[in-house]
Amino acid sequence: MSPKSALLASVRLRRMTNAKKFASESAFFDLRVLDALFIVSAGAAMALFATAIPSELTVQTALPEGGPTPTPTPGSILYDQYDNFATKEPLNIPSQDAETALDFFDSQAADDFIVPPGQIWHVTEVDVLAEYDSSGPAASFHVFFYENGAGDLPGMLVASRLENPYTGSNDFVITLTERVTLPEGHYWVSVQARQDITQAGFWLWHNRTVQANSGAAWQNPANGFGTGCVIWVRKTACAQLAQIAPDQVFRLIGTNDIGTPTPTPTPTATATPTATAKPTATATATSTATPTTTPRPTPTPRIAPTPRPRPTPPPRPTLELR
């Protein structure tokens, strides 16, 4: 028997012994997955799958009545989709950062939420409902926040928090290494387990049967699952995933600044006396008053006095010339 035939036979045997299978009726984890792994080489693939998929992605799901409720750290619930858990296959979807040798299995699921007008959210924790297909555990979790992009899918990256610590093995309470501040707007959150497949298997984010805002999205850039969904796409529109439930189960925890922030008061400047400008005399064309000449009284003619008669001088003596 060839190495590949032996590998297929081993996987089929494991399928028969599992009570639950992740998307067993879909083509999600069929021979496409095996063909992708075979690029490592037939011999290496056999050794890899002996530990990587001990249960052929069996989902060990045990949801208590009413659903689980993780204990959040101090802070308010900013957004809550921790309800309407999927109970029919497929229950969940992979969202994982695998080891370097299996990077082609790196995938991301994301779901959206809205920060209402006039609010500013400071996210400090993300809770998710999820399952290990094997024993786990995850080493840590990456959490990404995106703006809403074209087609109501994840757009520009707003913030990333890598290798965040967590508690829980079904209800995962992920504490962000640094809070993420989000003003009003439409956003997406993606939670991705940092988990080696060969040691701990796959990590699978639980589905939600009721859609809020836009339906959840998914991508597998290196196409390790053979779906062809290598960029963000609505998960229910990725035919090979055979997904039915439209959303993911998650919750955001943190603090909320409600209302328009009060602006910092600006110190009032001391009024400096300003010299009042003297009014500029506007030359008003005033007609110059022509002085009215008061007529002088007509002088009364004086009566000239009658000149006194002058005496006739005596005749001068005539000088005789000798």
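Residues numbered from 1 in each chain as written. Predicted model: local features only at pLDDT ≥ 70, side-chain atom pairs only at ≥ 80, totals over all residues. Heavy atoms only, no water.

Asker: Could you give an account of unusual backbone geometry, with specific residues and numbers?
Answerer: Phi is mostly negative for residues that are not glycine, and the peptide bonds are mostly trans. Of note, the bond from E89 into P90 is cis; its omega dihedral lies within 30 degrees of zero at -5°. As for its placement among the helices and strands, P90 is situated in the loop between β1 (76-80) and β2 (92-94). Note the cis peptide between G136 and P137, where omega equals -5°. Within the secondary structure layout, P137 lies in the loop between β4 (108-132) and β5 (140-148). Positive phi outside glycine occurs at N84, with the angle close to 50°. Here N84 is to be found in the loop between β1 and β2. Of note in the backbone geometry, A242 takes a positive phi value of approximately 55° without being a glycine. Locating A242 in the fold gives a position in the loop between β11 (233-234) and β12 (247-248). (Helix = DSSP H or I, 4+ residues; strand = E, 2+ residues; numbered from the N terminus.)

Asker: Which residues make up the state of the cysteines, and what values go with them?
Answerer: Counted under the stated rule, the structure contains one disulfide. Covalently, C229 is tied to C238 through a disulfide, its sulfur atoms 1.9 Å apart. Looking along the S-S bond of the C229-C238 disulfide, the torsion reads about 110°, which is the right-handed sense. We classify C238 as buried; its relative accessible area is 2%. (Disulfide = S-S within 2.5 Å. Buried < 20%, exposed > 50% of the residue type's maximum accessible area, 1.4 Å probe, protein only.)

Asker: I'd like a rundown of the pattern of salt bridges, residues and numbers included.
Answerer: Applying the stated criterion to the full structure yields six salt bridges. Here R194 and D97 are joined by a salt bridge, their closest N and O atoms 3.7 Å apart. Here the residue R194 occupies a position in strand β8 (residues 171-194), and D97 occupies one in strand β3 (residues 96-97), the gap between them amounting to 97 residues. A relative accessible area of 17% places R194 in the buried class. Residues R194 and D196 are paired through a salt bridge, measuring 2.6 Å at the closest nitrogen-oxygen approach. (Salt bridge = Lys/Arg side-chain N within 4 Å of Asp/Glu carboxyl O.)

Worth remembering: the numbers are spatial, not functional.
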